[in-house]
Amino acid sequence: MPRFLTDILDRSLREEPLPREDIRFLVSLEGPDLQDVFASARTLRERYFGRGVFLYGFVYFSTWCRNRCAFCLYRTGNDRHTPYRKSPGEVLEVSRNLAESGVHLIDLTMGEDALYHEQGFEPLVGLVRSVRHEVGLPVMISPGVVPRDVLSSLAGAGADWYACYQETHNRDLFARLRVGQDYSQRMNTKTWARDLGLLTEEGVLTGVGETQDDLATTIEAMRDVRCQQVRVMGFVNQAGTPMERFSWPNRELAMIAALRLSFPSRLIPASLDVDGLAGLELRLQAGANVITSLIPPHSGLAGVSQHSLDIDEGNRSVKGVLPVLERLGLEASTAEEYEAWVARERRLAMAGEGVRA
Ligand code: SAM
Ligand code: MD0
Ligand code: SF4
């Protein structure tokens, strides 16, 4: 291993914040050097989480969206998909099924559906309240950008997490990806959520035209936002969108490891929504500690970047992922362990202390 890589990994294991040139270097690595980075990422994951992995159920209850993100299948006007909206009863039922199957959290996600974004968020607040209280698991909401008072009502209804991904912290690239949307408003919403005592998740896309320097900027921005969960997703081309044939290097695995080295105590997803079950092992081996985008088969629910891959086969289920965990010497945490993690982090967040970076 080159001396400077040994030096970066030593400093990471001492949990010293890495300067941006180190991040740029880490996300450029391939081959055996990258394997060494993964090994350090796993050491740090084990330090904070042992063998335990958290499991998130994903309920994309409305794919209607008024926005036109260049990368997204569900952008308004894309005739290559038919939007759906599930009723509160359907959402409750699917959430109960997910809970019974052994997930630790329900992620309630929607496009910027005009039904809520223009006609009022009361039904969404009601939905969060009933899922939180009737299903009994922690709830994450991914509703897009919403006003501060709505976030406050959602927190009051029992939401634990607010997820909202910037995709990039390069404003020019943001304007090309999240067409017509306001960079600062999207960032501010996360700060409001944090100040209201919600846990927050930030995310970045790779393979969308970003530079290594942009990825380093993202890690710095994530440090500032003090999110409890940080993610990277590899871009998946979507039919009917401006980026249908876009091609760019994808650094998802190296970035998962760079996130773990930068934020050892935080939650980092291995999403089933990019490469399905076949991609799970690599993401866990790179240092992720949460499996996201678990979707019950035959529920009529879609993924985001892989709208159908592996869902009806039952591969995106707790049963589907357990053998992978076992093979890697990992195990599903218990719902009680996850609740305790959330409760502790929420106490820290309320006290304004955030998590240790
Ligand atoms: N509509 C809300 C919003 O955009 O904030 C909630 C949905 S959000 C959880 C969808 C996320 O999935 C995006 O923020 C993006 O990070 C990811 N995503 C969407 N399309 C993707 C694609 N084609 N490839 C990879 N990730 C994608
Ligand atoms: C995932 N498909 O975890 C989901 C989604 C939204 N909070 C998460 C992007 O991959
Ligand atoms: Fe809408 Fe979200 Fe897709 Fe953007 S990423 S088009 S806001 S569903």
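Relevant structure appears above.
Now for a quick tour of the structure. This one's a predicted model, so the numbers in the text were calculated from it and none came from an experiment.

Examining the packing of helix α2 (residues 20-28) against helix α10 (residues 212-225)
Interhelical geometry of α2 versus α10 gives an angle of 125° and a closest axis separation of 8 Å. Between α2 and α10, the crossing angle belongs to the class labelled oblique. When the axes of α2 and α10 are compared, the crossing they make is right-handed. Packed against α2, whose contacting residues are Arg20, Ile23, Arg24, Val27 and Ser28, the element α10 presents Gln212, Asp213, Leu215, Ala216, Thr217, Ile219 and Glu220 at the interface. Class assignment of the residues belonging to the contact of α2 with α10 gives a composition of five nonpolar, three polar and four charged.

A word on the site of ligand 1
Near ligand 1, the surroundings consist of 18 residues, among which Phe71, Glu167, Arg178, Arg186 and Val236 are the closest. Between ligand 1 and Arg186 there is a distance of 2.9 Å, counted from an oxygen atom to a side-chain nitrogen or oxygen. With respect to ligand 1, the side chain of Gln238 contributes an N or O atom lying 3.1 Å from a nitrogen atom. A total of 570 Å² of accessible area belongs to ligand 1 in isolation, and the protein chains cover 94% of it. Elements represented by at least two residues in the shell around ligand 1 include exactly β2 (105-110) and β6 (229-234).

Section: the packing of aromatic side chains
Counted under the stated rule, the structure contains 11 aromatic pairs. Aromatic side chains Tyr60 and Tyr74 sit 5.2 Å apart centroid to centroid with 85° between the ring planes, which places their arrangement in the edge-to-face category. Highlighted residues: Tyr60 in strand β1 (residues 52-62) and Tyr74 in the loop between β1 and α4 (88-101), separated in sequence by 14 residues. Across the pair, exposure class does not vary: Tyr60 and Tyr74 are buried alike. The ring of Tyr84 has Lys86 sitting right over it, with the charged end atom 4.9 Å from the ring centre.

A closer look at the pairing of strand β8 (residues 290-294)
Among the five residues that make up β8, five are buried, leaving the element largely enclosed by the rest of the structure. As judged from the three bridges shared by β1 and β8, these two strands associate in the parallel manner. Residue pairing for β8: Leu55 is matched across the bridge by Ile291. Across three bridges, the pairing between strand β7 (residues 269-271) and β8 is parallel. Within the sheet, the bridge partner assigned to Ser271 lies in β8 and is Thr292.

Quick notes on the site of ligand 2
Around ligand 2 sit 13 residues, and of these Asp107, Tyr165, Ser271, Asp273 and Thr292 come closest. Contact between ligand 2 and Ser271: an oxygen atom at 2.6 Å from a side-chain N or O atom of the residue. In this structure, Ser293 approaches ligand 2 through a side-chain N or O atom, which is 3.1 Å from a nitrogen atom. Alone, ligand 2 offers 300 Å² of accessible surface; in the complex the protein occludes 96% of this. Put simply, the parts of the chain that give the shell around ligand 2 at least two residues each are β2, β6 and β8.

Brief notes about the environment of Val204
Here Val204 shows up in strand β5 (residues 199-206). Sequence-distant contacts of Val204, defined by excluding residues within four places in its chain, comprise Glu167, Thr168, Leu215, Thr218, Met222, Arg231, Val232, Met233 and Met255.

Things to note about α4
Taking 1.5 Å per residue, 14 residues should reach 20 Å; α4 reaches 20 Å between its end C-alpha atoms and fits that length. Every buried residue belonging to α4 is among Val91, Leu92, Val94, Ser95 and Leu98, and all of these are buried. Check the buried side of α4 and you find it contacts β1, β2, α6 (122-135) and β8. The positive-phi residue at the C-terminal boundary of α4 is Gly102, with phi of around 110°.

Analysis parameters
Residues numbered from 1 in each chain as written. Chains lettered and ligands numbered in written order. Predicted model: local features only at pLDDT ≥ 70, side-chain atom pairs only at ≥ 80, totals over all residues. Heavy atoms only, no water. Axes fitted to C-alpha atoms, helices over the stretch in contact; angles between N-to-C directions. Helix = DSSP H or I, 4+ residues; strand = E, 2+ residues; numbered from the N terminus. Parallel < 35°, antiparallel > 145°, perpendicular 65-115°, else oblique. Left-handed = near helix turned anticlockwise from the far one by under 90°. Contact = heavy atoms within 4.5 Å. Nonpolar A, V, L, I, M, F, W, Y, C, P; charged D, E, K, R; others polar. Near = heavy atom within 4 Å. Polar contact = N/O pair within 3.5 Å; in protein donor to acceptor, adjacent residues only side chain to side chain. Areas by Shrake-Rupley, 256 points an atom, 1.4 Å probe, with all protein chains shown as cover. Phe/Tyr/Trp six-rings, centres within 6.5 Å; stacked < 30°, edge-to-face > 60°. Buried < 20%, exposed > 50% of the residue type's maximum accessible area, 1.4 Å probe, protein only. Lys NZ or Arg CZ within 6 Å of the ring centre and 35° of its normal. Pairing = 2+ DSSP bridges. Expected span 1.5 Å × (residues − 1).

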